[in-house]
Amino acid sequence: MTVDQASRISLEYQEIVENEEKRGGRRSPHQLPAPKEVVITALKLEIAQLFFIHAESNDDLWKPLINAAMFIDSFDDMPMEAGAYIEAMQQRRREMDNFVLELLKIERNHPFYWQRIYSLLGIVSETKTTSFFEGLKQRLRLGQWSGSADADPSTNRRPVGRLNLG
């Protein structure tokens, strides 16, 4: 997920939450722009983007995103009991607050800021080049050999015989 994709998902979700009259009631999960955990990840990436852009730690910037994350569990097929719903909201709040605390530990100017954010969120960043090489490795079965007796230990290659073309 890129920051642009996260921004789009975050905005779509926030519009759904703002336009919905049933703030405490059950909502259809089909209204969500993506699965719940993807929406939460998008909100976290949006917070990381705001932190990256603004030098100071300003809770007012990401408070609407945290508040929106608290309502994600209302999107469910089965209605929740009031106590379970309140506990789920508190859990989401703690999750988002913990992410902000982890975010504050990372230097904004660090050259690997985004790599650390993606790692923190468990997002695999794949480029066209890396996905091409991974696909090539799988097709050619590179790196899957266990050292056979015939293999050359210095190059980790198997000996190749001659092909008869006749």
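Residues numbered from 1 in each chain as written. Predicted model: local features only at pLDDT ≥ 70, side-chain atom pairs only at ≥ 80, totals over all residues. Heavy atoms only, no water.

Undergrad: Looking at this structure, I do not really get the pattern of salt bridges. What am I missing?
TA: Between side chains of opposite charge, a pair can form when the charged atoms approach closely. On inspection of all chains with the given rule, the structure shows 7 salt bridges. R93 is the salt-bridge partner of D97, the closest N and O atoms lying 3.2 Å from each other. A residue pair is termed a helical-turn pair when its members lie 3 or 4 positions apart in one helix, as D97 and R93 do in helix α4 (residues 82-105) at 4 residues. Connected through salt bridges with shared partners, the residues E37, K44, D73, R92 and E95 form a single ionic network. (Salt bridge = Lys/Arg side-chain N within 4 Å of Asp/Glu carboxyl O. Helix = DSSP H or I, 4+ residues; strand = E, 2+ residues; numbered from the N terminus.)

Undergrad: Please clarify how the nonpolar core should be interpreted in this entry.
TA: A general trend in soluble globular proteins is that nonpolar side chains are found buried together. The biggest cluster of nonpolar side chains holds 37 residues, and the ones touching the most others in it are Y13, L43, I47, L103 and I117. Counting residues per element, the ones that place at least two in this core are α1 (3-19), α2 (36-53), α3 (59-70), α4 and α5 (113-121). Ranked by residues supplied to this core, first place goes to α2 with 9 residues. Once residues lying within four places of it in the same chain are set aside, the contact partners of Y13 are L32, P33, V39, L43, A68, A69, F71, I72 and F75. (Core = buried A, V, L, I, M, F, W, Y, C linked by side-chain atoms within 4.5 Å. Buried < 20%, exposed > 50% of the residue type's maximum accessible area, 1.4 Å probe, protein only. Contact = heavy atoms within 4.5 Å.)

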